[in-house]
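Here is what each chain is made of, one letter per residue.
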Amino acid sequence: MPELPSLEIFKQYFDSTSLNQEIKEININNPEILFDISENNIKELVNRYFVSSSRYGKYLFVSTSDNKFLIFHFGMTGFFKYHPKNEGISSHSRISFLFKNGNVLDFDDSRKFGKISISENISDFINKKNLGPDALEISLSSFKKLFQRRSGHIKPLLMNQQFLAGIGNLYADEILFQSGIHPLKKAYQIENDEQNKLYDNMVWVLKKAIEFNDSPRNFPENFLLAHRYPKGECPNGDKLDIIKVGGRTTYYCPHNQKL
DNA sequence: CCACATGTTCATTT
DNA sequence: AAAATGAACATGTG
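Residues numbered from 1 in each chain as written. Chains lettered and ligands numbered in written order. Predicted model: local features only at pLDDT ≥ 70, side-chain atom pairs only at ≥ 80, totals over all residues. Heavy atoms only, no water.

Chemist: So, the overall build of chain A: which residues are in play, and what are the values?
Modeler: Tallying secondary structure elements over chain A gives seven helices and ten strands in all. Scaling as 2.2 N^0.38, a compact globule of 259 residues should have a C-alpha radius of gyration of about 18 Å, and chain A matches this with 20 Å. Per-residue burial over chain A gives 50% buried out of 259 residues. Total accessible area computed for chain A in this model is approximately 12200 Å², and 46% of it derives from carbon and sulfur atoms. For chain A, the separation between the mean place of its 33 positive charges and that of its 30 negative charges on side chains is 4 Å. (Helix = DSSP H or I, 4+ residues; strand = E, 2+ residues; numbered from the N terminus. Rg over C-alpha atoms; globule rule 2.2 N^0.38 Å. Buried < 20%, exposed > 50% of the residue type's maximum accessible area, 1.4 Å probe, protein only. Areas by Shrake-Rupley, 256 points an atom, 1.4 Å probe, with all protein chains shown as cover. Lys, Arg positive; Asp, Glu negative; His and termini not counted. Charge placed at Lys NZ, Arg CZ, Asp CG, Glu CD.)

Pasting the structure below:
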């Protein structure tokens, strides 16, 4: 589930498997996932290695030994798989990095909404995409300033990457549920105390999700995501309501999240 | 066959 | 300028 918590898990996986190993070969199985770069741009990484990584919103930036950044976006279905070359080939590998140690890092993405790019500079890329502040980096006071002059519904706003980077459909539902805020509430109607609560819950939910490895099945009972399926019930026993907000399926508890 | 899915981008309206 | 809407992208699952 490639929202911010998944990205943290992917980063941990990447860091523990793929850093500081010489890249021997790169196979680009689906060139259409390359964004603004050519196959040759990627192939220049042969004989280089990955130095470190950092996450911003739903993007992973990997610094390379030729002083550039390889950028991963995981779309809806992307993930990494690191494995010995001769086993466990990932079924929808769009690009494979073969390391000198005989292991392979596959970027697997069945739906091909993922993207890989290269940039000389992280902030150039963030500016070009016009991304808002990262949801786990922003301060409370900056978060509150974001609400000035905003007239739309709160849920699409939380999911708008140019407003705030990292939150997607599932975690927007979870954060609003924990905060007792209706997804269709107008952003400007969220008062000071509720802004504080929303901020605290955003940080808490995202951090807990990372702790629980971003697997909703492992989430505690008091998480909406543990019940977010048709006919699912709110932990307090009420039936969850399912509506469309901004074109996306939205679960909420009508009893606890009122307009 | 149909509906739906964790995301982003684009065109068109309001 | 902001916001809402719907479609498109490609593919798998139920």
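Additional details are given in the paragraphs that follow.
Chemist: Please provide a residue-by-residue account of the sheet that holds strand β2 (residues 50-56), values included.
Modeler: Taking strand neighbours across the sheet as the criterion, the four strands line up as β2-β3-β4-β8 in an open arrangement whose pairing is antiparallel. The sheet is open, and its two edges are formed by β2 and β8 (115-119), each paired on a single side. Across the sheet, the mean angle separating the axes of adjacent strands is 25° when strand polarity is ignored. Direction of pairing for β2 relative to strand β3 (residues 59-64): antiparallel, over a ladder of six bridges. Paired with Y56 across the strands is Y59, a residue of β3. (Pairing = 2+ DSSP bridges. Axes fitted to C-alpha atoms, helices over the stretch in contact; angles between N-to-C directions.)

Chemist: How would you explain the protein's contact with DNA strand C if you had to name every residue and give the values?
Modeler: Taken together, H92, S110, R111, K112, F113, R150, S151, G152 and H153 form the complete shell of residues around DNA strand C. When atoms of DNA strand C within 4 Å of the protein are split into backbone and base, the sugar-phosphate part holds 60%. One of the side-chain N or O atoms of R111 is found 2.7 Å from a base nitrogen in DNA strand C. S151 places a polar main-chain atom, nitrogen or oxygen, 2.9 Å from a phosphate oxygen of DNA strand C. Of the residues contributing to the surface near DNA strand C, the split by class is one nonpolar, five polar and three charged. (Near = heavy atom within 4 Å. Polar contact = N/O pair within 3.5 Å; in protein donor to acceptor, adjacent residues only side chain to side chain. Nonpolar A, V, L, I, M, F, W, Y, C, P; charged D, E, K, R; others polar.)

Chemist: Which residues make up the sheet that holds strand β5 (residues 78-84), and what are the values?
Modeler: Reading across from one edge, β1-β6-β7-β5 is the order of the four strands in this open sheet, with antiparallel pairing throughout. The sheet is open, and its two borders are formed by β1 (23-28) and β5, each paired with just one other strand. Pairs of neighbouring strands in the sheet enclose a mean axial angle of 15°, with direction left out of account. Across five bridges, the pairing between β1 and strand β6 (residues 93-99) is antiparallel. Bridging from a neighbouring strand, N27 pairs with S96 of β6. Contacts from helix α1 (residues 4-18) reach β5, β6 and β7 (103-109) within the one sheet, and its direction differs from that of β5 by about 25°. (Contact = heavy atoms within 4.5 Å.)

Chemist: Pulling in residues and values, what's your account of the packing of α1 against helix α7 (residues 192-211)?
Modeler: The contact between α1 and α7 brings their axes to 9 Å, and the two run at 40°. Relative to α7, the element α1 lies oblique. Between α1 and α7 lies a crossing of right-handed hand. Seen from α1, the contacting residues are L4, P5, E8, I9 and Q12; seen from α7, they are L206, A209 and I210. Residue classes in the contact of α1 with α7 are distributed as six nonpolar, one polar and one charged. (Parallel < 35°, antiparallel > 145°, perpendicular 65-115°, else oblique. Left-handed = near helix turned anticlockwise from the far one by under 90°.)

Chemist: Which residues make up the domain arrangement of chain A, and what values do they have?
Modeler: For chain A, the assigned domains read domain 1 (4-128) and domain 2 (140-252). A C-alpha centroid distance of 29 Å is found between domain 1 and domain 2. Counting the surface lost from both domain 1 and domain 2, the interface buries some 830 Å², and carbon and sulfur atoms represent 72% of this. Per-element tally for the side of domain 1 that touches domain 2: the top contributor is α1, with six residues. Taken together, the residues that form the side of domain 1 that touches domain 2 break down as four nonpolar, three polar and two charged. (Domains from an automatic or database assignment. Buried area = accessible area lost by both parts, 1.4 Å probe.)

Chemist: Explain the nonpolar core to me, and be specific about the residues and the numbers.
Modeler: Formed by 33 residues in total, the largest nonpolar core has its most connected members in F143, I154, L164, I167, Y171, L198 and M202. Of all the secondary structure elements, the ones that give two or more residues to this core are α1, α4 (140-146), α5 (154-159), α6 (169-179) and α7. Counting residues per element, this core draws most heavily on α7, at eight residues. Beyond its immediate sequence surroundings of up to four residues, I154 is in contact with F147, L176, I181, H182, P183, K185, A187, I190 and L198. Grouped together as the second largest cluster of nonpolar side chains are 26 residues, I26, I28, Y82 and F97 included. (Core = buried A, V, L, I, M, F, W, Y, C linked by side-chain atoms within 4.5 Å.)

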